[in-house]
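# Structural overview
Okay, here's what each chain looks like letter by letter:
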Amino acid sequence: MRTDFIEELRWRGMLHDMMPGTDEQLNKEMTAGYIGFDPTAASLHIGNLATIMLLVHLQKAGHKPIALVGGATGMIGDPSFKASERSFLDEDTLRINQEGIRKQLEQFLDFNCGENSAEMVNNYDWFKEIGFLQFLREAGKYLSVNYMMSKDSVKKRLETGISFTEFSYQLLQGYDFYHLYKHKNVRLQMGGSDQWGNITTGTEIIRRKEGDEEGYFKAYALTTPLVTKSDGSKFGKSEGGNIWLDPTRTSPFEFYQFWLNQSDEDSPRYLRVFSLKSKEEIEALEVSHAAEPHLRIMQKALAAELTMRIHSERDYQLVLKASDVLFGKATLEMLQSIAIDEFDTIFNGVPQTEIFRADWDSTSNLLDLISTVTNSEIYPSKGEARRALQQNAVSINKVKVSSPEQSLADFELLQDKFILVSKGKKNHLIKVL
Ligand SMILES: N[C@@H](Cc1ccc(O)cc1)C(=O)O
């Protein structure tokens, strides 16, 4: 059964612009729509997630989503709204990136659900067959340079400079749309609002080559707003740079914390764009949030859903455990319940020191132990370690140390290997080798 895709995007605030007739086309028949992703890195980041959600909702509404990996366009580089010319990625990097992105895109869509099953394509597969002369005859001839220059996406660059190569990018993307229209009956191309220029170059090539029937277009365009932050800073970045979907680049813990830290102003919008919750569910969350804002109900719901969708249920459970361990309410029992193979994930990012078992065995007093980890951010010096101990500010395995003289024998290693030293919210893990 098909549902109203456009209406869904509308209430979610995910509709920026669309060509007239797009909704009629979608209401008329099951429609194939595509979005392209260039392999500029080996992983997608959460900036890409908003456009991926367009494909997810398209499929949920009963239409056919196609994800395109830009093996060819990635060799050129999209100049849209970019301030300066970019350098090429080498072909090995492109191959690695392309494979990484393909695998990630695969996770989001259903490739086996009958007629609206998702498909994945790579534009290198058709561009590798097309020679330069053929391309000029089949694509370039249909658009005027004047038309190509009129796009907002390249306006600035026409003043500051743009290579013929980057200027041609819109023709490549336009030709993709034409190719997919011809071979897969794709009628819709979607993307972020910065893609409007490239997408309409495609609808224009299709119109010029295929004509339109009594004012009905054969191909349509739809864009989604770029996700913004109410404080004006750039969405999707942390101090360490982009928030990636790849867990080796952005750990599930950091990913979870990213969503958890969003503001009360932004969270309602992000819930609509990134979560699959219904309107009613989101509104209910907003109501409960407003009653007790300090509980951060919206942020927690957002962080939970996304961590589970991008990573896994198990990662989410680990992340929750890690938050308890690192920021508060953990108990000794909780630490003891951490399995040996979970330590790396949970303490990822926590300062760590390794000591030899012989040193551990011969260390009888706490101050000595803590001194082995001086120079850490918790105890810059032995003096400060002593002071912290005297002030009862130190916990070992989340149990308050009662006096600086307390014997180390009172504390058991976790999993026969680890000991967690904390002061306030600062943690330090000692690993006995
Ligand atoms: N230009 C798009 C990627 C893309 C590539 C090829 C296409 O056919 C469509 C889209 C971007 O940079 O995000």
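Criteria and cut-off values
Residues numbered from 1 in each chain as written. Predicted model: local features only at pLDDT ≥ 70, side-chain atom pairs only at ≥ 80, totals over all residues. Heavy atoms only, no water. UniProt positions renumbered as here; feature names shortened; annotations may be inferred. Helix = DSSP H or I, 4+ residues; strand = E, 2+ residues; numbered from the N terminus. Axes fitted to C-alpha atoms, helices over the stretch in contact; angles between N-to-C directions. Parallel < 35°, antiparallel > 145°, perpendicular 65-115°, else oblique. Contact = heavy atoms within 4.5 Å. Nonpolar A, V, L, I, M, F, W, Y, C, P; charged D, E, K, R; others polar. Near = heavy atom within 4 Å. Polar contact = N/O pair within 3.5 Å; in protein donor to acceptor, adjacent residues only side chain to side chain. Areas by Shrake-Rupley, 256 points an atom, 1.4 Å probe, with all protein chains shown as cover. 1 Å grid on protein atoms, 1.4 Å probe; cavity = no way out; pocket = protein on both sides within 12 Å on 5 of 7 lines; lining within 4 Å. Sits in = over half its atoms within 2 Å of the grid points. Pairing = 2+ DSSP bridges.

## Some words on the UniProt feature "short sequence motif: 'HIGH' region" (unreviewed entry) in the chain
Per the UniProt entry, the sites bearing "short sequence motif: 'HIGH' region" (unreviewed entry) are residues 39–48 in this numbering. Taken as a whole, residues 39–48 contains 30% helix and 0% strand, while its terminal C-alpha atoms sit 12 Å from one another.

## A few points about the packing of helix α12 (residues 252–260) against helix α16 (residues 313–327)
Running from N to C, α12 and α16 cross one another at 75 degrees; their axes reach a closest spacing of 9 Å. Regarding the angle of α12 to α16, the classification is roughly perpendicular. Facing Pro 252, Phe 253, Tyr 256 and Gln 257 of α12, the residues of α16 in contact are Asp 315, Tyr 316, Val 319, Leu 320, Ala 322, Ser 323, Leu 326 and Phe 327. Its residues assigned to classes, the contact of α12 with α16 shows nine nonpolar, two polar and one charged.

## Concerning the site of the ligand
All residues in the neighbourhood of the ligand are listed as Tyr 34, Gly 36, Asp 38, Leu 68, Thr 73, Asp 78, Asn 123, Tyr 169, Gln 173, Asp 176, Gln 189 and Gln 195. Here an oxygen atom of the ligand and a side-chain polar atom of Tyr 34 are 2.7 Å apart. For the ligand, the protein covers 86% of the area, taking 340 Å² as the surface of the free molecule. Applying the majority rule of atoms within 2 Å of the grid points places the ligand in the largest pocket. Counting only elements with at least two residues in the shell around the ligand, the list comes to β2 (32–37) and α10 (169–184).

## A look at the sheet that holds strand β13 (residues 426–432)
Here we have five strands laid out as an open sheet, ordered β9-β13-β12-β10-β11, and mixed in their pairing. Bordering the open sheet on either side are β9 (352–355) and β11 (399–400), each of which pairs with just one other strand. The pairing of strand β10 (residues 394–396) with β11 spans two bridges and is antiparallel. The residue bridging Ser 395 from the neighbouring strand is Lys 400, located in β11.

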